[in-house]
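Structure at a glance
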Amino acid sequence: QVQLVESGGGVVQAGGSLRLSCAASGRTKSRYTMGWFRQAPGKEREFVAGISWNGGNTLYADSVKGRFTISRDNAKNTVYLQMNSLKPEDAAVYYCAADFRLMPVAVATEYNYWGQGTQVTVSS
């Protein structure tokens, strides 16, 4: 079992930046990939970014490539999502996810552990 807690959400103006964090606890000695997903009102949950267990491989949605960066610090059991050049369409609840696999995937059903989410609001 892995427990995930997100933080760092908030309100930012378009063009601004935010950094989300996700702290993992529990079975953190095992190798697990982590991902960020988001869900806006009335829309399905969508993949944002993922990172392999050792940070060597990353995966991004086309909509965030070049603007968002995912990273992890295994010593702190924490994954980060640096979000730059934010757009109003980036506004959503952002969820951290984890699974005991080596490589990230963009499919939500492949992740077995989820955080409660953190709200990101982007004002235009």
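Here's what I pulled together on the structure shown here. (Residues numbered from 1 in each chain as written. Predicted model: local features only at pLDDT ≥ 70, side-chain atom pairs only at ≥ 80, totals over all residues. Heavy atoms only, no water.)

With six of its seven residues buried, strand 4 (residues 33-39) lies for the most part within the structure. When strand 4 meets strand 9 (residues 92-99), the two strands line up antiparallel, connected through seven bridges. Within the sheet, the bridge partner assigned to Gln39 lies in strand 9 and is Val93. (Buried < 20%, exposed > 50% of the residue type's maximum accessible area, 1.4 Å probe, protein only. Helix = DSSP H or I, 4+ residues; strand = E, 2+ residues; numbered from the N terminus. Pairing = 2+ DSSP bridges.)

Right, let's talk about the packing of aromatic side chains for a bit. Throughout the structure, instances matching the rule amount to six aromatic pairs. Each ring, one from Phe37 and one from Phe47, has its centre 5.5 Å from the other, and the planes form 75 degrees; the classification is edge-to-face. Taken together, the residues Phe37 in strand 4 and Phe47 in strand 5 (residues 46-51) connect sequence positions 10 residues apart. Just as Phe37 is buried, Phe47 falls in that class too. Geometrically, the ring pair formed by Phe100 and Tyr113 is edge-to-face, given 5.7 Å between the ring centres and 70 degrees between the ring planes. Here Tyr113 lies in strand 10 (residues 113-114) and Phe100 lies in the loop between strand 9 and strand 10, a separation of 13 residues in the sequence. Overall, the relative accessible area of 25% leaves Phe100 in the partly exposed class. The exposure class of Tyr113 is buried, given its relative accessible area of 16%. Residue placement shows Arg27 over the ring face of Phe100; its charged tip is 4.0 Å from the ring centre. (Phe/Tyr/Trp six-rings, centres within 6.5 Å; stacked < 30°, edge-to-face > 60°. Lys NZ or Arg CZ within 6 Å of the ring centre and 35° of its normal.)

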